Every structure is written in C-alpha cells, then in structure tokens.
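Examining the three-dimensional arrangement
Each chain is listed here by its residues.
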Amino acid sequence: MLTLVTGSRGRVGSALVSLLHRDGHAVRAASRDPARLDPPAGVPATACDLTDPATFAPALDGVGSVFLYAEPAGIDSFLTRAEAAGVRHIVLLSSSSVLGPDARENPIARPHHTVEQALAASPLTTTFLRPGAFAANAYQWSAAVRSHGVVDLPYPRSHTSPIHEADIAEAALAVLTEHRLQGSAYHLTGPESLTAAEQIGLLAAASGRHVTVDTVSRSAWKKSVVPYVPEAVAEGLLDYWASTDGSPAEVTGETEKLTGHPARTFAAWAEEHADAFRA
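Residues numbered from 1 in each chain as written. Predicted model: local features only at pLDDT ≥ 70, side-chain atom pairs only at ≥ 80, totals over all residues. Heavy atoms only, no water.

**Remarks on the overall build of the protein**
Spelled out, the test is: In this description a helix means any DSSP run of H or I spanning at least four residues, a strand means any run of E spanning at least two, and both kinds are numbered starting from the N terminus. This radius of gyration counts C-alpha atoms alone. The globule rule is 2.2 Å times how many residues there are, raised to the power 0.38. Each residue is assigned to one of three classes by its accessible area relative to the maximum for its type, calculated with a 1.4 Å probe on protein chains only: buried under 20%, partly exposed between the two thresholds, exposed over 50%.
Along the backbone of the protein there are eleven helices and eleven strands. Taking 279 residues into account, the globule formula puts the C-alpha radius of gyration at 19 Å, and the protein, at 19 Å, falls close to it. The principal-axis extent of the C-alpha atoms belonging to the protein is close to 55 × 40 × 35 Å. Out of the 279 residues in the protein, the part that is buried amounts to 48%.

Okay, here's the thing in structure tokens:
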C-alpha cells in the first residue's frame, strides 16, 4: 500500500519517509515545494500544498494511506479527494493541546481540533497522534545560548515532557503499518517531566556552554518575539506556561507502546544536537 507523507521537509515527516523506505514500504514524499525535498533514492517526491486543493488529486493518486499534518484550510477538500482516490487510513499528526478544555478557542489547539473533527466525521479510518512538546522546540533557545549564554524565560519552572521527533516518526510508522493499532488516539510524551530551566541545563551540559536563565515578565518576553510569533499564539504560549508553572507534566506510556522501546530522553536529544548550541 502506497503511503503519502505530507510535510516531508519537516523533522517528523522526513524521518518517517526514511523509515517507511527502509522497511520496504512504498512511500511518496510530499511537500508544498517538492524541489527542496531530499528523500532516499527511489522515493518519488510530489507537490502537495495542504492549503491548495489543486495539488491534492495528483498527490493522492494510487495512495492507500496518508500521514497528514494539521492544516485546516483545505481539510474538507482533502478528505473528499482522499475518499475518491481510495485512501483507507489517515494518520494525523495532531497535538496534546486538543485534550484541554479550551481546544476550540485556544490558538495553539484550534487548528488541530478543527482537523480532528473533520476526520472524525469522515468515513475514513483515522488514527490521531497527539504529541506534547517536541524536544526540538529547544532550538528556540539556540541563538541566545550561542551568542551570550543567557536565556530569558517568563516561566522557567513551567513543565513539559518533551518528546524526541524520532519517537514520533517511529510511532507513525507503527500505526501506518500495524492494523491492530489503527483507529485510536495516542497521547505521546517523552519519558520525564522537565522544567524549561532543567532543559536549558541539559543543553548547557551537552554543549559545554555556561548558560544562565533570567526570569522576565510576560510583556518583555512577548515584545522580544513580536517579529516571529503572532500575538495570539504568544498569548496562548504564555497562558500555557503559566498553567504548568511548578506543575509536573503528564508522562504516558503511549510512546513505548507504539515504538517498542522506552521513549528517548531530552538529554539524549541535547547530546545529538549539541552543535546547534555551541558558539
């Protein structure tokens, strides 16, 4: 069965393409800009812009399963095209933010919730992967660590249970290729709850850098990210960090259940990516 992997330039999507190809599964790598893809030899690349329905039919031709990113703009058209193409199973890379009571209004959860609702209403078999914070979110601190070794945080004691992107890709491989795992929702986490300050400490240890954490106000942090983060998203992040300040994050066994091994630690991720935090 041919699998279409949307968002194949992303860390999870590109890793999933490699895993499917390694294990002998037919896979097609898709991206808004396929010319920038670098899939394994023998893996075809195709255009699939999840906001542009004109790209859907060619990308879905002959496809039996899809790994889908949560883009609500064209989801109804995508599902119509997928059903017409004979797709039988869609794995959605959603988010654990949909588990919150405000998922419909929360700017971070809303797109994932919208796509989940559309998929739940479709006749296609759907599997939801709901990871929490990605370990790779730590890249947001790399410039500060490299340049002056000081990271400004509004809530340094805010907890997450960061998950390695390789574990998400392996979980996706499992649900795409094992029928017994399909049709369910999985809350994926890393193996431990860590504060933001603890994560920065692990990055410092891995990179050999001396790094300090400065506590700043909400307004100061929001002002610093204005060029990069929409205001509604910034407020959503601040509210989330405030709600988890001093409160350990949930750690589930779902990652190990799907991958067959303990979830990778944040310390391991830091070691693997230490060069990004060195001057």
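That shown, we press on.
**Quick word on the packing of aromatic side chains**
Under the convention used in this document: Two rings belonging to Phe, Tyr or Trp (six-membered ring only in the last case) form a pair when the distance between their centres is within 6.5 Å. Interplanar angles under 30 degrees mark stacking, angles over 60 mark edge-to-face geometry, and anything in between is tilted.
This structure, assessed with the given rule, holds seven aromatic pairs. Here the aromatic rings of Tyr-139 and Phe-277 are separated by 6.2 Å at their centres, their planes lie at 5°, and the arrangement is stacked. Of the two residues, Tyr-139 sits in the loop between strand 6 (125-131) and helix 5 (142-147) while Phe-277 sits in the segment after helix 11 (266-272), which places them 138 residues apart along the sequence. A relative accessible area of 24% means that Tyr-139 is categorised as partly exposed. Connected via pairs of aromatic rings, a cluster forms that spans Tyr-139, Phe-266, Trp-269 and Phe-277.

**So, the pairing of strand 2 (residues 27-31)**
To keep things clear, this is the line we draw: By definition, two strands form a pair when at least two bridges between them are found by DSSP.
For strand 2, a buried count of five out of five residues is recorded, marking the element as mostly surrounded by other parts of the structure. Here strand 2 shows no split at all, with Val-27, Ala-29 and Ser-31 on one side and Arg-28 and Ala-30 on the other all buried. For strand 1 (residues 2-5) and strand 2, the ladder comprises three bridges, and the chain directions are parallel. Bridge assignment links Val-5 to a residue of strand 2, and that residue is Ala-29. The pairing of strand 2 with strand 3 (residues 45-47) spans three bridges and is parallel. Paired with Ala-29 across the strands is Ala-45, a residue of strand 3.

**Brief notes about the side chain of His-89**
Selection criterion: Polar contacts, as counted here, are pairs of nitrogen or oxygen atoms within 3.5 Å of one another; within protein the pair requires one atom able to donate a hydrogen and one able to accept it, and residues that are adjacent in sequence qualify only if both atoms are side-chain atoms.
In this fold, His-89 is placed in strand 5 (residues 89-93). A distance of 2.8 Å separates a polar atom in the side chain of His-89 from a polar atom in the side chain of Thr-127.

**Side note on the environment of Ala-234**
This is how the line gets drawn: Contact criterion: two residues are considered in contact whenever any of their non-hydrogen atoms come within 4.5 Å of each other.
Within the secondary structure, Ala-234 is located in helix 9 (residues 231-243). Residues in contact with Ala-234, not counting those within four places in the same chain, are Trp-221, Lys-222, Val-225 and Val-229.

**Details of the environment of Gly-246**
Within the secondary structure, Gly-246 is located in the loop between helix 9 and helix 10 (254-259). Beyond its immediate sequence surroundings of up to four residues, Gly-246 is in contact with Arg-157, Ser-158 and His-159.

**Brief notes about the sheet that holds strand 3**
Heads up, the condition is: Axis geometry follows a simple rule: fit a line to the C-alpha atoms, using only the stretch in contact for helices, then measure angles between N-to-C directions, giving values from 0 to 180 degrees.
Here we have seven strands laid out as an open sheet, ordered 3-2-1-4-5-6-9, and parallel in their pairing. Two strands lie at the open edges of the sheet, namely strand 3 and strand 9 (185-188), each paired on one side alone. Recorded for the sheet is a direction-independent mean angle of 20° between the axes of neighbouring strands. Here five bridges tie strand 5 to strand 6, and the two strands are oriented parallel to one another. Of the residues in strand 6, the one forming a bridge with Leu-93 is Leu-129. Its contacts with the sheet put helix 3 (residues 75-85) on strand 4 (63-69) and strand 5, and the angle it makes with strand 4 is roughly 165°. The strands touched by helix 6 (residues 165-177) are strand 1, strand 4, strand 5, strand 6 and strand 9; relative to strand 6, the strand with the most contacts, the crossing angle is about 165°.

**As for helix 9**
Structural remark: α-helix, 3.6 residues per turn; residues separated by three or four positions point the same way. Counted only if it meets this: In a helix, the anticipated span is given by 1.5 Å times the number of residues less one.
With 13 residues, helix 9 should reach 18 Å at 1.5 Å per residue; the first-to-last C-alpha distance of 18 Å fits that figure. Among the residues of helix 9, those classed as buried are Ala-234, Gly-236, Leu-238 and Trp-241. Buried residues along helix 9 sit against helix 8 (218-225).

**Regarding helix 8**
Our working definition: Within this analysis, the arc is defined by the directions that extend from the helix axis to the C-beta atoms.
Trp-221, Lys-222 and Val-225 are the residues of helix 8 that are buried. Down the axis of helix 8, the buried set is contained in an arc of 100°. They therefore lie on one face. Of the residues in helix 8, the exposed ones pointing more than 90 degrees away from the buried face are Ser-219 and Lys-223. Where helix 8 is buried, its residues meet strand 7 (150-153) and helix 9.

**Quick notes on the pairing of strand 5**
Counted only if it meets this: Seen with its strands pointing away from the viewer, a crossover is right-handed when the path leading from the first strand over the helix to the second is clockwise.
Most of strand 5 sits out of view: five of its five residues are buried. Side chains of strand 5 alternate between two faces, with His-89, Val-91 and Leu-93 and Ile-90 and Leu-92 buried alike. Regarding the hand of the β-α-β motif, the stretch spanning strand 4, helix 3 and strand 5 is right-handed.

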